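Chains, contacts and geometry: an overview
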Amino acid sequence: MKNIFVSIDFNEQEEFLMDKAYEMAKAFNAKIWLVHIAAPEPDFIGYDVGPQYIRDARAEDLKEEHKLLQEYALQLESRGVKAEGLLIQGATVEMIIQEAEKLNSDLIITGHHDHNFLYKAFVGSVADEIIKESKIPVLLVPLD
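The structure contained in this document is the topic of the report that follows. Small disclaimer: the values here were computed from a predicted structure and weren't measured.

The rules behind each value
- Residues numbered from 1 in each chain as written.
- Predicted model: local features only at pLDDT ≥ 70, side-chain atom pairs only at ≥ 80, totals over all residues.
- Heavy atoms only, no water.
- Axes fitted to C-alpha atoms, helices over the stretch in contact; angles between N-to-C directions.
- Helix = DSSP H or I, 4+ residues; strand = E, 2+ residues; numbered from the N terminus.
- Parallel < 35°, antiparallel > 145°, perpendicular 65-115°, else oblique.
- Left-handed = near helix turned anticlockwise from the far one by under 90°.
- Contact = heavy atoms within 4.5 Å.
- Salt bridge = Lys/Arg side-chain N within 4 Å of Asp/Glu carboxyl O.
- Buried < 20%, exposed > 50% of the residue type's maximum accessible area, 1.4 Å probe, protein only.

As a further point, take the packing of helix H3 (residues 92-102) against helix H5 (residues 126-133). Closest axis-to-axis distance for the H3/H5 pair is 10 Å, and the angle between their directions is 45°. Compared by their axis directions, H3 and H5 come out oblique. Regarding H3 and H5, the two cross each other, and that crossing is right-handed. Packed against H3, whose contacting residues are Thr92, Val93, Ile96 and Ile97, the element H5 presents Val126, Glu129, Ile130 and Glu133 at the interface.

Within this structure, the stated rule accounts for five salt bridges. Note that Asp19 and Arg79 form a salt bridge whose closest N and O atoms lie 3.3 Å from each other. Highlighted residues: Asp19 in helix H1 (residues 14-28) and Arg79 in the loop between helix H2 (52-78) and strand E3 (83-89), separated in sequence by 60 residues. Under the relative-accessibility criterion, Asp19 is labelled partly exposed at 33%. Residue Arg79 is classed as partly exposed on the basis of its relative accessible area, which comes to 37%. Glu129 is the partner of Lys132 in a salt bridge, and the nearest nitrogen-oxygen pair spans 3.3 Å. Placement of both Lys132 and Glu129 in helix H5 is noted, with a separation of three residues, approximately one turn of the helix. Look at Lys132 and you get exposed, because its relative accessible area is 61%. Given the relative accessible area of 32%, Glu129 is considered partly exposed.

As structure tokens, then:
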């Protein structure tokens with residue numbers, strides 16, 4: 001195992017995910033790819049981009065998320081594991097699968113939140129979709 005893909009969604013539990021990834025990376029001398037999939041640009045999905053202050057706020061959010069990913073990667077490197085952070089925009093499940101393949105990932109680590117029946121019926125679960133679509137092994141880390 002050489003590359004571990006960790007899907008980060010900034011839900012304040014990413015440190016728990018990073019700890020699990022660290023354990024795996026340390027055991028296998030693997031590199032960790034911390035990846036956050038940000039929502040696509042509004043004009044990409046068919047909406048008007050809105051006033052400039054909205055675009056500026058969105059750009060600032062993306063800049064902060066990217067900075068956080070870089071800080072997380074540095075924390076892991078200070079513990080002796082190779083790590084890199086990536087911020088990508090697009091549809092979550094598709095981009096996770098696509099980027100994990102592009103990075104030659106041997107494992108995808110993602111968090112899993114337990115939702116009630118109605119949420120599952122109408123919205124579904126990103127983790128469930130990753131499992132269905134991925135040809136790469138997936139490690140689900142319970143976050144509840």
